[in-house]
Amino acid sequence: MKLIALLALSTLALTAQQYPPIGPDNSPETQEILRRINNLGPNEVPDLRLKREQNYAKTSSDVEPFGGVKPYKEHFLLQMEYTGPGRSEPEPGPELKSVRIGFIGPIMATVSQATGGKSHEEVLGKKMLQGAQLAIEQANARGGYVKRKIPFELDIVNDNGLWGSTGNEVITMAYKRPAWAILGTIDSANSHIAIRVALKSEVYMMNSGDTDPTFIETNIPWTGRCIGDDRQQGYLLVDYMIRKMGYKRIGIIRASNRYGRFGVREIKDSARRLGRPVAIEMAYKVGGSDFDLQIQRLREANVDAIVHWGDARESALVLNQLRKTGMKQPYFTSDRSVSKEFTEIAGANAEGVISGYPWNPDRKDPHLDEFRKEFIARFKDEPDTYAAHGYDGMNMLLWATNNAGLNRAKIRDLIATRSTPWPGVTGAIPLSSAMDDMGDVFLARFDKDRWTYHSREELQIPRGYIPTRERVSRGLETAAAK
Amino acid sequence: MKQKSIAAFLLTAALGFGQTPPAANPKLPFVYTKWKQFTKADGLPNEHVFAVKSDGPRLWVGTEGGLALIDKKSGKVTKVWTEADGLPWRAISGIDINHKTGEVWLALFGGGLARFSGGRFDHWHQMNSGIVNDVAYGVAVENDNIWVATTAGASRLNTVSGEWTIYTEKNAPMEEIWNYGVDYRDGKIHLAVWGSGVLEFDVASSRWKDYLDPDGEMEIDLYRDDGIVHVITTGAKYIDKALWVSSYFGVCRYDGRNWRAYYNMDSGLPSDFNNNLAARSGNEAWFATDKGVGAIMDAASNTWVTYTRDPKSNAGKAVVSRDKTVLETIEMGLNLPNNFIVSMDVDGNDVFVGTSKGLAWGIGEGYYAGVKDRPKQVAEIRGGAK
């Protein structure tokens, strides 16, 4: 009997060293957080060393909103805390046979309520699901939920296109088939709906696929995001287009959905604040194939660079039609264009296209190599950005669950208070005070039949001055005042 | 006499218009020192109190796990309904009363809308009615209509014709459709919409008006009093032609001409994270924060009373403040069962506070509106009504 116990302990020690590091975490920080959140009464609120930052989202002073005015108040610099009684909830009894983690994402084709047409995000959601599945399967191969040696169970639901269904599905995962934490989703409107339900029902949601900047700008302590958002990608694109390349008249063509509308917002605002206001912004209906009107307007606006924000298919069709009409302007896109679908449709026109991208898949990292290998072995296909971020997001949830125990508030606490970046296959994932991924983003460039990924430093892209003091207490600092 | 008037005018001018001159004995608001608590031990089906509604001698309590009725006279939970008793869904996020019929209307968080009448529950949901979504956050009775704030728009049920009307971005100025709260008073519906500020629907004209954050930015409030405090709102109450608004980014008040925002940093609001609110008048409102109750008792002088409980003992306290100056601290027996406040109602002289760990009933014996001269309650007041 003792021998078995020793063997089990040895196995546990070994698994703690494995990647991803989802097993028992003996780091001083995690142990200290556990000491603070365990054994609390329902009215006690732990001191969790809330993160406090001096600058929101690494925004340079020359693109801050209303830069000439000292605002009355800045939000998101001090981390939100959860002050409710959830930490005192008892764990379930021995009757529990599995530890359920929810997955919500667009995985089934349906009618899109947002567009009135066919849904369009299931190609992304299925990959995200595969990444999450691989993480769960790996965790179960290593013993599952380590404290009870019971498996993790992935509860999978679809939210594609139907805005209302997301709320109902999260209700199900909160009350009917209770999940300890949830991963999801991709559509921006659905994500907002989901976290509102998660907030009220007090279950943590990790987002790995929605790059809408406003997703995190909601002051909800029950959510986080493990993918670089469109604000960060937009800043890098603007710095490249304006500060490095000196384009003066940028034109935008985008999807008429929330992804397109909010995706270009920081590009528009930043360009205007840098004195190069976007010359024209044209929207098209998602799922469309004819962009003559938008392209005609872009031509008339005499733009010297074009930014597209939307899905891969439309991005490629727009590009082809631009080139067909003789428009040779540089073409910039969102990360959704970095896909086989885009390059297959765009063909030779894809050459030279530049996209914002939330990570660097060419990074030399044995964990990334191993993930890729195992993903291909499991699904007979390459992992894409949604798979990789879904894998990372799910592993963060598994790490938190394994260490916090079966308590939703404590699972939240461990992720929220983690001060060191999560070592993801997509790179280091440091969470900001707003619980957003503040890791590096990149530019992807399609050259000679493949995408290559480039950092700001590699391309020597200048950036504005990032102030080290919050706006309310500092002077009216600008780049020039540096 | 004339000289005195001139001197008074000059003094006022020197101090600045609208500012209260410092006083040795400032006028003080009423402070609730008698509280009664209700938990599962007292018969609540669940302690996470999502909604509370006072109805004369009755108090309806909507929780994450059922509905409870408290008889105010006896001070006891007299009846509880769960799904086993016919309640259509366990989580009740909003309650309103049709005073004409006596019907109790329930917003069900994930279950649509329910009516409790004659001992029977009737249920409207996405599969049997025109309600736009089952994730309902609030309900309000407007004449013969029932309005429901849902996560995918607002729905209106005409109880006479049975007709449903849906309001979304297609027929209302909703930049986003994520409705959070709904309120009806004085001919106006107010919707608190996550991402779309507050929308006002004039019943007589069927016209909409929107209140949005003028700076349009999520990460800052450019000027304190330029408009609604943030576009992500959680509640709106209209009373005495004043609009009170709660949000996760502070709270604010609009008197039809001027806005005023209140933050933790410049008022007695205990936290900027506000789940809901209740308004007693255009001068007094109560806010449900994640760090206690913040009650602005006199908007004219920015005088607040903040109620919190001690986390480790059965004691509570009230702090009276003007702007950020503490005027009075009153130690008392247990007031709130928990400092995470979710729901709120005021009725007559009393207040009702739904928390994450039970319900509190503040008994307003001797309540007075606004502020007045009174001795400071420096002596400790121990022992609530329980």
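Not measured: the values here are computed from a predicted model.

### Observations concerning the overall build of chain A
Working step 1: Counting its regular elements, chain A contains 14 helices and 15 strands.
Working step 2: Its C-alpha atoms give chain A a radius of gyration of 23 Å, within 12% of the compact-globule value 23 Å for 482 residues.
Working step 3: At a minimum sequence separation of 6, the contacts of chain A that also span at least 24 residues come to 73%.
Working step 4: Surface exposure of chain A reaches about 18100 Å², of which carbon and sulfur atoms provide 54%.
Working step 5: For chain A, the distance from the average site of its 65 positive side-chain charges to the average site of its 60 negative ones is 2 Å.

### Brief notes about the interface of chain A and chain B
Working step 1: Contact residues are listed per partner, giving 52 residues for chain A and 54 residues for chain B.
Working step 2: Here chain A packs against chain B, burying approximately 4500 Å² in sum over the two surfaces, 60% of which is carbon and sulfur.
Working step 3: Linking chain A to chain B there are seven salt bridges.
Working step 4: Among the salt bridges present, the one from Arg258 of chain A reaches Glu176 of chain B, with a minimum N-O distance of 2.3 Å.
Working step 5: Applying the counting rule to chain A against chain B returns 17 residue pairs in polar contact (both at pLDDT 80 or more).

### Here's the deal with the sheet that holds strand β12 (residues 145–150) of chain B
Residue and element names in this part refer to chain B.
Working step 1: The antiparallel open sheet is built from four strands, whose spatial order is β11-β12-β13-β14. Each having just a single partner strand, β11 (136–142) and β14 (164–167) make up the two edges of the open sheet. Going from strand to strand, the sheet's axes swing by 20° on average, the running direction of each strand aside.
Working step 2: Across four bridges, the pairing between strand β13 (residues 153–158) and β14 is antiparallel. Considered in β14, the bridge of Arg156 is made with Thr165.

### Some thoughts on the side chain of Thr355 of chain B
Residue and element names in this part refer to chain B.
Working step 1: Checked against the element boundaries, Thr355 lands in strand β31 (residues 350–355).
Working step 2: Looking at Thr355, the relative accessible area reads 0%, which means it is buried.
Working step 3: There is a polar contact of 2.9 Å between the side chain of Thr355 and the backbone nitrogen of Lys357.
Working step 4: A polar contact of 2.8 Å, which involves the side chain of Thr355, links it to the backbone oxygen of Gly358.

### Side note on the pairing of strand β5 (residues 66–71) of chain B
All names here are of chain B.
Working step 1: Counting buried positions along β5 gives five out of six residues, so the element sits mostly inside the fold.
Working step 2: Hairpin connection, strand β4 (residues 58–63) to β5: the antiparallel pair is bridged by two residues.
Working step 3: Where β5 and strand β6 (residues 76–81) come together, five bridges link them in antiparallel fashion. Residue pairing across strands places Ala68 opposite Val80, the latter belonging to β6.

### Description of the packing of helix α9 (residues 292–300) of chain A against helix α10 (residues 312–324) of chain A
Packed helices, taken two at a time, are described by the angle between their axes plus the distance between the axes.
Residues and elements named next belong to chain A.
Working step 1: Between α9 and α10, the shortest axis-to-axis distance is 10 Å and the interhelical angle comes to 55°. In terms of orientation, α9 lies oblique with respect to α10. Helix-helix and strand crossings are classified by hand; for α9 and α10 the assignment is right-handed. Facing α9, whose interface residues are Asp292, Ile295 and Leu298, α10 presents Val318, Gln321 and Leu322.

### What to know about the pairing of strand β30 (residues 341–347) of chain B
Sheet faces and side chains relate simply in a regular strand, where the side chains alternate between the two faces.
Residue and element names in this part refer to chain B.
Working step 1: Of all the seven residues making up β30, six are buried; the element is thus mostly covered by neighbouring parts of the structure.
Working step 2: Pairing of β30 with β31 involves six bridges; the strand directions are antiparallel. Residue pairing across strands places Val346 opposite Val351, the latter belonging to β31.
Working step 3: Linking two consecutive strands that pair antiparallel, namely β30 and β31, is a turn of two residues; a positive phi of about 60° is found at Gly348 within it.

### Details of the sheet that holds β30 of chain B
Residues and elements named next belong to chain B.
Working step 1: Across the sheet, four strands lie side by side as β2-β32-β31-β30; this open sheet has antiparallel pairing. Whereas interior strands pair on both sides, the edge strands pair on one side only; in this sheet they are β2 (34–38) and β30. Ignoring which end each strand starts from, the neighbouring axes of this sheet average 20° apart.

### Remarks on the confidence of the model for chain B
All names here are of chain B.
Working step 1: Of all residues in chain B, 91% attain a pLDDT of 70 or more, and the chain-wide mean is 93.
Working step 2: The least confident element of chain B is helix α1 (residues 2–15), whose mean pLDDT is 43; the most confident is strand β25 (residues 285–289), at 99.
Working step 3: Note that residues 1–22 has pLDDT below 50 and, in this model, four contacts with residues that lie over four places away or in other chains.
Working step 4: Within the model, the stretch residues 379–386 combines pLDDT values under 50 with 18 contacts to residues more than four positions away or in other chains.

### Let's talk about the environment of Arg297 of chain A
Residue and element names in this part refer to chain A.
Working step 1: In this structure, Arg297 sits in helix α9.
Working step 2: Separated by 39 residues in the primary sequence, Arg297 and Arg258 place their C-alpha atoms 22 Å from one another.
Working step 3: Leave out the neighbours within four places in its chain, and Arg297 touches Ile280 and Met282.

### Here we look at the packing of aromatic side chains
Working step 1: This model, assessed by the stated rule, comprises 53 aromatic pairs over all chains.
Working step 2: Summarising the aromatic geometry, the rings of Tyr32 of chain B and Trp35 of chain B are spaced 6.1 Å apart at their centres and angled 55° between planes, so their arrangement reads as tilted.
Working step 3: Under the relative-accessibility criterion, Trp35 of chain B is labelled buried at 0%.
Working step 4: Ring-pair connections join several aromatic residues into one group, and the members of that group are Tyr175 of chain A together with Phe50, Trp89, Phe109, Tyr137, Tyr180, Trp194, Tyr248 and Phe273 of chain B.
Working step 5: The side chain of Lys200 of chain A reaches across the aromatic face of Phe50 of chain B, ending 4.3 Å from its centre.
Working step 6: A cation sits over an aromatic face here: Arg280 of chain B above Tyr367 of chain B, 4.2 Å from the ring centre.

Definitions and cut-offs
- Residues numbered from 1 in each chain as written.
- Chains lettered and ligands numbered in written order.
- Predicted model: local features only at pLDDT ≥ 70, side-chain atom pairs only at ≥ 80, totals over all residues.
- Heavy atoms only, no water.
- Helix = DSSP H or I, 4+ residues; strand = E, 2+ residues; numbered from the N terminus.
- Rg over C-alpha atoms; globule rule 2.2 N^0.38 Å.
- Contact = heavy atoms within 4.5 Å.
- Areas by Shrake-Rupley, 256 points an atom, 1.4 Å probe, with all protein chains shown as cover.
- Lys, Arg positive; Asp, Glu negative; His and termini not counted.
- Charge placed at Lys NZ, Arg CZ, Asp CG, Glu CD.
- Buried area = accessible area lost by both parts, 1.4 Å probe.
- Salt bridge = Lys/Arg side-chain N within 4 Å of Asp/Glu carboxyl O.
- Polar contact = N/O pair within 3.5 Å; in protein donor to acceptor, adjacent residues only side chain to side chain.
- Pairing = 2+ DSSP bridges.
- Axes fitted to C-alpha atoms, helices over the stretch in contact; angles between N-to-C directions.
- Buried < 20%, exposed > 50% of the residue type's maximum accessible area, 1.4 Å probe, protein only.
- Parallel < 35°, antiparallel > 145°, perpendicular 65-115°, else oblique.
- Left-handed = near helix turned anticlockwise from the far one by under 90°.
- pLDDT = per-residue confidence, 0-100.
- Phe/Tyr/Trp six-rings, centres within 6.5 Å; stacked < 30°, edge-to-face > 60°.
- Lys NZ or Arg CZ within 6 Å of the ring centre and 35° of its normal.

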